[in-house]
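Residues per chain are reported as follows:
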Amino acid sequence: CALVVFRFHRFNELCARGTDFYGPFWIYATIVFSLAVSQNLFSLLTKPEHTRLVYTIDYVPKAFGIVYVFGVFVPVFFTFILKTMGTNISFLKTILIYGYSQCINIFLLLACAYPNSSSQSFFITWGAVQSSAFVYLCLKDELRNSEGSLQKVAIGVMSAIQFVLVIIYKRFFFGDLYKANYYA
């Protein structure tokens, strides 16, 4: 997954053969699992001495909602923007490409367990950049074959959406709401 950007040609070949939603579904489920694991690892790494760690899954429904809403909303919105600009891309292809582009976030969200805000911001942002690059590389032929400034609009829209996702991940999972859990 870390080299997902370099495998986009092979992905386009595989995507052309058929559509399956199992991949994106399980990638999103694994991202939710990664958020749960990283939160508990964060708690373990930041707990004071002589305290007992309390494992928590209280925010998993919120993580599930955010990850899956973005997993459906982003491709629908992005496809709508592309279709209004004259492309002939299908929703199914966009949801597959966006879903598979998120696999890098599995590892980077696990790395966010490291209790350093700057590192967490870097990992989340790097995941957004890699995901956006994968989407762009997979769709660049469709973008080139369309009307004039579509590439710039598509890059701007995807960058804005990914920036919102970075803020949500940082705020809800690695910000004020992401606190260590332990008992004295």
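Residues numbered from 1 in each chain as written. Predicted model: local features only at pLDDT ≥ 70, side-chain atom pairs only at ≥ 80, totals over all residues. Heavy atoms only, no water.

Viewed as axis vectors pointing N to C, helix α5 (residues 104-111) and helix α6 (residues 117-144) meet at an angle of 175 degrees, and their least axial separation amounts to 9 Å. Looking at the two axes, α5 sits roughly antiparallel to α6. Only Phe-123, Ile-124, Trp-126, Gly-127, Ala-128 and Gln-130 of α6 make contact with α5, whose side of the interface consists of Ile-104, Asn-105, Leu-108, Leu-109 and Ala-111. By residue class, the composition of the contact of α5 with α6 is eight nonpolar, three polar and no charged. (Axes fitted to C-alpha atoms, helices over the stretch in contact; angles between N-to-C directions. Helix = DSSP H or I, 4+ residues; strand = E, 2+ residues; numbered from the N terminus. Parallel < 35°, antiparallel > 145°, perpendicular 65-115°, else oblique. Contact = heavy atoms within 4.5 Å. Nonpolar A, V, L, I, M, F, W, Y, C, P; charged D, E, K, R; others polar.)

In this section: the nonpolar core. In terms of nonpolar packing, the biggest core is built from 40 residues, with Ile-31, Leu-35, Phe-78, Leu-139, Tyr-169 and Phe-173 touching the most fellow members. The residues contacting Tyr-169, other than those within four sequence positions of it, are Ile-31, Leu-35, Val-67, Leu-109, Ile-124 and Phe-174. (Core = buried A, V, L, I, M, F, W, Y, C linked by side-chain atoms within 4.5 Å. Buried < 20%, exposed > 50% of the residue type's maximum accessible area, 1.4 Å probe, protein only.)

Moving on, we come to unusual backbone geometry. One non-glycine residue, His-50, lies in positive phi territory at about 65 degrees. For His-50, the location among the structural elements is in the loop between α2 (22-46) and β1 (52-53).

Before going further, it helps to spend a moment on the packing of aromatic side chains. Applying the stated criterion across every chain, the model contains seven aromatic pairs. Taking 4.4 Å as the distance between ring centres and 40 degrees as the angle between the ring planes, the aromatic pair formed by Phe-64 and Tyr-68 counts as tilted. In this pair, Phe-64 and Tyr-68 both sit in helix α3 (residues 60-84), four residues apart, roughly one turn of the helix. Residue classification places Tyr-68 among the buried residues on the basis of a relative accessible area of 15%. Grouping aromatic residues by their ring pairs yields a cluster made of Phe-25, Trp-26, Tyr-28, Phe-64 and Tyr-68. (Phe/Tyr/Trp six-rings, centres within 6.5 Å; stacked < 30°, edge-to-face > 60°.)

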